[in-house]
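Report on the structure
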Amino acid sequence: MNRKLKAICTTACIAGILLAGCESNTNNNEVDDQAQADEAQFTPSISLIYQAEEAVFTGNVKAVKNDDTLSGCTGTGYVDGFEEDTDACIFNVEIPETNFYDLNFVSASAGGEKYNYISVDGEETGTVYIEETNYSDSVLQRVYLTEGIHEIIIRKYWGWIYLDKLEITDSAPLDASIYEVTAPLCNPEASEEAKKLYSYLCDIYGTKILSGQTCDQGPYGKEIQVIKKTTGKTPAVLAMDFMDYSPSRAANGTQGHTTEYAIDFWNNGGIVAFHWHWTVPQKYITGDWAGSFYKDNTNIDLAKIMNGEDKEGYELLMSDIDVIAQQLKVLQEAKVPVLFRPLHEASGGWFWWGTAGPEAYKKLYIAMYDKLTKEYGLNNIIWVWNGQDADWYPGDEYVDIIGEDIYPGERVYASQISAYLNAAQNYATETKLVYMTENGCVFDPELAKRDGAMWGMFCTWQGDFVAKDMAIFSLSEKYTEESMLKKAYEDEDVITLEDLPDLKSYPIREAFE
């Protein structure tokens, strides 16, 4: 986990699903075809332009007269000075009718990828991204705005942009086909258990949301017990880490127990997910060994390893994967299917597997896939890719579920629709399940359904995102208030452990046989 955020209808109400005034469901091909045609032909009926130099500024932000240094600037100038956390540009806008809108912060990067926070009426709504060094579109999609005056703020996250204007247009109707997953598991030899679970996940996608919780102490750990005590419910998905099985950690005395916990949870009717904070081989540790999945504690060069210049390094990495393969093998023998999310948050660059760029990363991801599926015959894996950038996507043939990790701040309950649509529309060529594989705040399920952000799952991170450190059974409300946690777990469209069917006997879709 890293707390950095890449989070990022015509009124559409998605529960049933209602789109552009027509009732639909995931089997209504006629409406789906119409929705796709409507989206392809859509021309915004509203376009509002607000020049950045005429907005209100805080901190170091200031207006600069247009000197034609960058191409594409409009108006009399632009805004820069996004350097400190207090730096912001504030737009007061007037919306003519209640609707969904796209917010386009036309801007240029001062160099490299830049992300910055967007808030609407004091609530964090998402982030916008820009990499181009000439003025280009940087869009937050599908923001629900009521008729009247609103305050829209772009605030420094990574900063270092030149902001030209804010353009607001009404959003295109949502295409219901983004919820229709027809592709089988990427591993053609997938086990019966994996196919049954995957069939269930696809059957509920677009109408239901799985509740999930990270808890390395297993089904009886602190976070799970706090949720159960607070809501009376148990998360449907238990996410845990293979971290302590890593050889360089084990050499320092760690012992892994999460495999045992996973078998217990599955046998009690739950769904199991795993990630792996992969501690680099000892040779590459330069700092704190306990945190040597972070790049700052390593001197590993993944590019040299994956292009053959560091053959010893390649063997060391493959040896580490061998160790995790043994744990997955135990789970396979216990007939436990696993949502496996390796090499997560790669594009953020804070983990060593993301420091050498997308090509080296993709080679490592594919090497891991091939080793686990072809060499070890581990067919109980449902592959979850969490690279968080289209350039890092290894290909549909290696991915079953797309994951996004989102930490929007404290008590932010927005649906994160822009991040959802980005993941659903811009990574894969096939339609994939899209999950919120890590979150700080639990989003409001009513907002998710309203916006069409039908994440297949939320999965809250552990620690003070749920439980107070010093009180085992005490809820921390730092990120999610008790009322919102209860609202989420009590929502009729949020699936808890108590709601799950018998997944061991769940029928496999004919197309997935």
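Small disclaimer: the values here were computed from a predicted structure and weren't measured. (Residues numbered from 1 in each chain as written. Predicted model: local features only at pLDDT ≥ 70, side-chain atom pairs only at ≥ 80, totals over all residues. Heavy atoms only, no water.)

Topic: the confidence of the model for the protein
Residues with a pLDDT of 70 or more make up 92% of the protein, whose mean pLDDT is 92. This stretch, residues 2-32, has a pLDDT under 50; its non-local contacts, to residues over four places away or in other chains, come to 96 contacts. (pLDDT = per-residue confidence, 0-100. Contact = heavy atoms within 4.5 Å.)

So, the sheet that holds strand β7 (residues 88-95)
Taken in spatial order, the five strands of this open sheet run β4-β7-β12-β9-β10, and their pairing is antiparallel. With one partner strand each, in any of the chains shown, β4 (56-58) and β10 (123-130) form the two edges of the open sheet. On average, each strand axis in the sheet is tilted by 25° relative to the strand beside it, whichever way the strands run. Both strand β9 (residues 114-120) and strand β12 (residues 148-156) contribute to a ladder of five bridges, which runs antiparallel. Across the sheet, Ser119 pairs through a bridge with Ile153, a residue of β12. (Pairing = 2+ DSSP bridges. Helix = DSSP H or I, 4+ residues; strand = E, 2+ residues; numbered from the N terminus. Axes fitted to C-alpha atoms, helices over the stretch in contact; angles between N-to-C directions.)

Notes on the layout of surface pockets
Of the pockets and cavities examined, the second largest pocket occupies roughly 270 Å³. Together, 17 residues line the second largest pocket, and Glu123, Thr125, Tyr144, Ala414 and Arg450 are the ones closest to its centre. Broken down by secondary-structure element, the contributors of at least two residues to the lining of the second largest pocket are β10, β11 (139-145), α9 (417-426) and α10 (445-451). The biggest single contributor to the lining of the second largest pocket is β11, with five residues. Each residue belonging to the lining of the second largest pocket can be placed in one class, and the counts come to seven nonpolar, five polar and five charged. (1 Å grid on protein atoms, 1.4 Å probe; cavity = no way out; pocket = protein on both sides within 12 Å on 5 of 7 lines; lining within 4 Å. Points joined across faces, edges and corners; volume = space filled by probe spheres on them. Nonpolar A, V, L, I, M, F, W, Y, C, P; charged D, E, K, R; others polar.)

Here's the deal with the pairing of strand β19 (residues 401-406)
Counting buried positions over the six residues of β19 gives six, a clear majority of the element. Bridging between strand β18 (residues 381-385) and β19 involves two bridges; their strand directions are parallel. Residue pairing across strands places Trp385 opposite Ile402, the latter belonging to β19. For β19 and strand β20 (residues 433-439), the ladder comprises six bridges, and the chain directions are parallel. What sits directly across from Gly403, in β20, is Tyr435. Between β19 and its parallel partner β20, the chain crosses via α9, and the hand of that crossover is right-handed. (Buried < 20%, exposed > 50% of the residue type's maximum accessible area, 1.4 Å probe, protein only. Right-handed = clockwise from strand over helix to strand, strands pointing away.)

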